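Here are the chains, one letter per residue:
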Amino acid sequence: QKTAYEIRLSLVGSEMCIRDSTGATPSGATPTTTPQTFTRPSGDGSYVVAPGDIPLDDTFHDTRIAVSGNWLQPIGRLSQAVIGANFSKEYDFLSYGSSLMFSHDFNQRNTTLSAGLSGEFDTITPKGGIPVPFASMGAPGTIQPRTDASDSKSLVDVLLGVTQVINARTLAQVNYSLSRSSGYMTDPYKILSVIDPVTGVTVDNVFENRPDTRSKHALYGLLKRKLKRDVVSGSYRYFFDDWGIKSHTLDLNYRWMPSERWWLEPHVRLYSQSEADFYRVQLFNGLPVPKEASADHRLAAFNGYTFGLQYGWLLKNESRITLRAEYYTQMGENSPSEAVGIQQGLDFFPDLKATIFQIQYSF
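Visitor: Outline the packing of aromatic side chains, listing residues and values.
Guide: By the definition in use, this model includes 7 aromatic pairs. Joined through ring pairs, the aromatic side chains of Trp-256, Trp-262 and Tyr-311 make up one cluster. The positively charged end of Arg-214 is found above the aromatic ring belonging to Trp-243, 4.3 Å away from the centroid.

Listed below in structure tokens is the structure:
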């Protein structure tokens, strides 16, 4: 479980965000029937996990500051360009990037073609340094297996889209996006348990390793329809990458407007993904170590469900207040087939539940 707060200031063409988070996060190690002791990322100190519990690293704490800005420039009567820049800083992470989006209207402004390009460069400076892939976690106070103090990665995204006015009440949109990442893609804080293949006893904990490149593709479709006063919209997104992950996202909204000045908007989002090719619940002692492996639950197969409700109130001078409340839950495979010996019957997938409240004032 985690606690977090967020302060957000939005201006025309710019945004500033300050977010602070604390709590425990899954380390990637598997549960067992005896207490487990893990070294903290700094190499100093340790934490103990009770028998049967999913190992959670309780050292998680971070503060994130992010600033972004956009400049919209009309190009003639039917085209426009949006130039953007963004910057974010965390305790162990630095990111900066830029973007360019171009759009052109034709067919009596009933059709809009869009094309975008963005780039980002990230520097990762994890506490304790970059771990050696598949090296054993050292005991507290000893020299940990590290390579460098920091590493980096770069990202390039391309977006192509078309928006079509079907009639006076219906709008459709289709987008395709391609993302290419290269560099240090491993999570330096994630580990894998090495298990005796017969008894299920943990004999070691090693650091994960992921591919150093990733290509992601996404197809997105949106249909929005205005009724007498209400508005209903639905979208579907299909995602796949060269890590073997495939996902489906269905998003549904219905804006009910009993009055011209206020509305209620229920929201449902359904998400499902398959696991990455190199996802492993654990490694077995005595078998060859794969080139890449990670026990990060975000790379596992799971389903996510979001249910929410928004209340909006239109004030004078076109300003408005919106209140949003949502509940999110995520479920994966609790009893995988890889569980052996004393592991059988233990819960392997961490529960994730989140309640979200948001207040926004626009003017």
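Visitor: Residue-level account of a negative patch on the surface, with values.
Guide: Taken together, the side chains of Asp-242, Glu-275, Asp-277, Glu-333 and Glu-338 make up a negatively charged region of the molecular surface. When its relative accessible area of 56% is taken as the criterion, Asp-277 is described as exposed.

Visitor: Go over the pattern of salt bridges, please, and point to the residues and values.
Guide: The final tally for this structure, using the stated rule, is 10 salt bridges. Residue Asp-105 is joined to Arg-109 by a salt bridge in which the shortest nitrogen-to-oxygen separation is 2.9 Å. A relative accessible area of 42% means that Arg-109 is categorised as partly exposed. Here Glu-265 makes a salt bridge to Arg-255, at a shortest N to O gap of 2.9 Å. Of this pair, Glu-265 sits in strand β16 (residues 262-273) while Arg-255 sits in strand β15 (residues 246-255), and the two are 10 residues apart along the sequence. Classification of Arg-255 by relative accessible area gives partly exposed; the value is 23%.

Visitor: An account of the nonpolar core is requested, with residue identities and associated values reported.
Guide: Judged by nonpolar contacts, the single largest core of 18 residues is most densely connected at Ala-276, Tyr-279 and Leu-299. Ignoring any residue separated from it by four or fewer positions in sequence, one finds Leu-299 in contact with Arg-210, Trp-243, Ile-245, Gln-273, Ser-274, Glu-275, Ala-276, Phe-278, Tyr-279 and Ser-294.

Visitor: Can you tell me about the pairing of strand β14 (residues 231-241), naming the residues and giving the values?
Guide: Relative to β14, strand β13 (residues 213-226) runs antiparallel, the two sharing 11 bridges. Following the sheet pairing, Lys-226 is matched in β14 by Val-231. Counted between consecutive antiparallel strands, the loop separating β14 from β15 contains 4 residues, among which Gly-244 sits at a positive phi close to 95 degrees.

Visitor: Could you give an account of the confidence of the model for the chain, naming the residues involved and the relevant values?
Guide: Here the chain averages 92 in pLDDT, while 94% of its residues score no lower than 70. This stretch, residues 4-12, has a pLDDT under 50; its non-local contacts, to residues over four places away or in other chains, come to 18 contacts.

Visitor: Lay out the side chain of Thr-329 in plain terms, naming residues and giving numbers.
Guide: Inspection of the secondary structure assignment puts Thr-329 in strand β19 (residues 320-332). Excluding residues within four positions of it along the chain, Thr-329 makes contact with Asn-303, Gly-304, Tyr-305, Leu-352 and Lys-353.

Visitor: Explain unusual backbone geometry to me, using residue names and the numbers behind them.
Guide: Peptide bonds are trans in most cases, and residues, glycine excluded, mostly fall at negative phi. Despite not being glycine, Asn-107 shows a phi value in the positive range, around 55 degrees. For Asn-107, the position within the fold is in the loop between β7 (93-106) and β8 (111-124). Relative accessible area serves as the criterion here: at 44%, Asn-107 is assigned to the partly exposed category.

Visitor: If you had to explain empty space enclosed by the protein to someone new, which residues and values would you point to?
Guide: By the definition in use, this model includes 2 cavities of 30 Å³ or more. Of the voids in this model, the largest cavity is the one considered here, and its volume is about 140 Å³. Thr-39, Pro-41, Met-137, Tyr-189 and Phe-207 are, among the 17 residues lining the largest cavity, the residues nearest its centre. The space that makes up the second largest cavity amounts to roughly 40 Å³. In terms of lining, the second largest cavity is formed by Pro-131, Val-132, Pro-133, Tyr-184, Thr-186, Asp-187, Pro-188, Lys-190, Phe-207 and Glu-208.

Criteria and thresholds
- Residues numbered from 1 in each chain as written.
- Predicted model: local features only at pLDDT ≥ 70, side-chain atom pairs only at ≥ 80, totals over all residues.
- Heavy atoms only, no water.
- Phe/Tyr/Trp six-rings, centres within 6.5 Å; stacked < 30°, edge-to-face > 60°.
- Lys NZ or Arg CZ within 6 Å of the ring centre and 35° of its normal.
- Patch = residues over 30% accessible without salt bridge, like charges linked within 9 Å, V, L, I, M, F, W, Y side chains within 5 Å.
- Areas by Shrake-Rupley, 256 points an atom, 1.4 Å probe, with all protein chains shown as cover.
- Salt bridge = Lys/Arg side-chain N within 4 Å of Asp/Glu carboxyl O.
- Lys, Arg positive; Asp, Glu negative; His and termini not counted.
- Charge placed at Lys NZ, Arg CZ, Asp CG, Glu CD.
- Buried < 20%, exposed > 50% of the residue type's maximum accessible area, 1.4 Å probe, protein only.
- Helix = DSSP H or I, 4+ residues; strand = E, 2+ residues; numbered from the N terminus.
- Core = buried A, V, L, I, M, F, W, Y, C linked by side-chain atoms within 4.5 Å.
- Contact = heavy atoms within 4.5 Å.
- Pairing = 2+ DSSP bridges.
- pLDDT = per-residue confidence, 0-100.
- 1 Å grid on protein atoms, 1.4 Å probe; cavity = no way out; pocket = protein on both sides within 12 Å on 5 of 7 lines; lining within 4 Å.
- Points joined across faces, edges and corners; volume = space filled by probe spheres on them.

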